[in-house]
Amino acid sequence: MMMAHFTAYIKRAQGRMGVSLRGKCTDTGSAQQLETAIEEAIANGLAVVWIDCQRLEPMTWQGQRAILNADRRARTTGVALQWCGMPGAVIEQLVASGLSLLLHLQPAGSYQGPRELLQDTLPTSIQSKLPKA
């Protein structure tokens, strides 16, 4: 199986903001993409941003740092990030680094963001934050 590249999708619907993180966040470009997507979601002015992590794969320190930076930015603006459905292998990484203690980790079933972000294949109408070439 091919390694999954990293993609972050954002969507606002029914007064809720969501971000779907997919693939491997393992380099500077993907880490920047993650931070940019979450910063844009935070800028929408809603108190809670729901982040679907079910398709997120194990990451490098760059990916973990991007998550930490995004979470810190949200806290300073009074926004709560709800990290939902983090896979076991990623949770193990977050526990090992201590990052799990800082994040609002939720089971996948707790996700209350736009349902469209949970689909296996997302329609082109949903914005993707692709890295700048």
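Because the structure is a prediction, the values reported are computed rather than measured. (Residues numbered from 1 in each chain as written. Predicted model: local features only at pLDDT ≥ 70, side-chain atom pairs only at ≥ 80, totals over all residues. Heavy atoms only, no water.)

Observations concerning the packing of helix H1 (residues 28-42) against helix H2 (residues 61-76)
Okay, so step 1: Between H1 and H2, the shortest axis-to-axis distance is 8 Å and the interhelical angle comes to 15°. Viewed along their axes, H1 and H2 adopt a mutual orientation that is roughly parallel. Seen along the crossing, H1 lies across H2 with a hand that is right-handed. When H1 is examined against H2, the residues Thr28, Ala31, Leu34, Glu35, Ile38, Glu39 and Ile42 are found in contact with a partner set consisting of Gln62, Gly63, Ala66, Ile67, Asn69, Ala70, Arg73 and Ala74.
Okay, so step 2: The residue inventory of the contact of H1 with H2, partitioned by class, reads 8 nonpolar, 4 polar and 3 charged. (Axes fitted to C-alpha atoms, helices over the stretch in contact; angles between N-to-C directions. Helix = DSSP H or I, 4+ residues; strand = E, 2+ residues; numbered from the N terminus. Parallel < 35°, antiparallel > 145°, perpendicular 65-115°, else oblique. Left-handed = near helix turned anticlockwise from the far one by under 90°. Contact = heavy atoms within 4.5 Å. Nonpolar A, V, L, I, M, F, W, Y, C, P; charged D, E, K, R; others polar.)

Structural notes on unusual backbone geometry
Okay, so step 1: For glutamine 14, which is not glycine, the phi dihedral falls at a positive 50°.
Okay, so step 2: Since its relative accessible area comes to 68%, glutamine 14 is described here as exposed. (Buried < 20%, exposed > 50% of the residue type's maximum accessible area, 1.4 Å probe, protein only.)

Some points on the pairing of strand E2 (residues 16-24)
Okay, so step 1: The element E2 is largely enclosed, with a buried count of 7 among its 9 residues.
Okay, so step 2: In the sheet, strand E1 (residues 7-13) pairs with E2 via 7 bridges, with the strands oriented antiparallel. Looking at E2, one finds that arginine 12 is bridged to methionine 17.
Okay, so step 3: Linking E1 to E2, which pair antiparallel, is a turn of 2 residues; within it glutamine 14 sits at a positive phi near 50°.
Okay, so step 4: Across 7 bridges, the pairing between E2 and strand E3 (residues 48-57) is parallel. Counted as the bridge partner of arginine 22 is arginine 55 from E3.
Okay, so step 5: The parallel pair E2 and E3 is bridged by H1, and the resulting crossover is right-handed. (Pairing = 2+ DSSP bridges. Right-handed = clockwise from strand over helix to strand, strands pointing away.)

Describing the nonpolar core
Okay, so step 1: The biggest cluster of nonpolar side chains holds 32 residues, and the ones touching the most others in it are Val19, Leu21, Leu34, Ile38, Ile51, Leu81 and Trp83.
Okay, so step 2: Elements supplying a minimum of two residues to this core: E1, E2, H1, E3, H2, strand E4 (80-84) and helix H3 (88-97).
Okay, so step 3: With 6 residues, the top contributor of residues to this core is H1.
Okay, so step 4: With sequence-adjacent residues up to four places away left out, isoleucine 38 is seen in contact with Val19, Ile51, Ala70, Leu81 and Trp83.
Okay, so step 5: Core analysis: the next-biggest nonpolar cluster, separate from the first, contains 6 residues, Trp50, Cys84, Leu117 and Leu122 among them. (Core = buried A, V, L, I, M, F, W, Y, C linked by side-chain atoms within 4.5 Å.)

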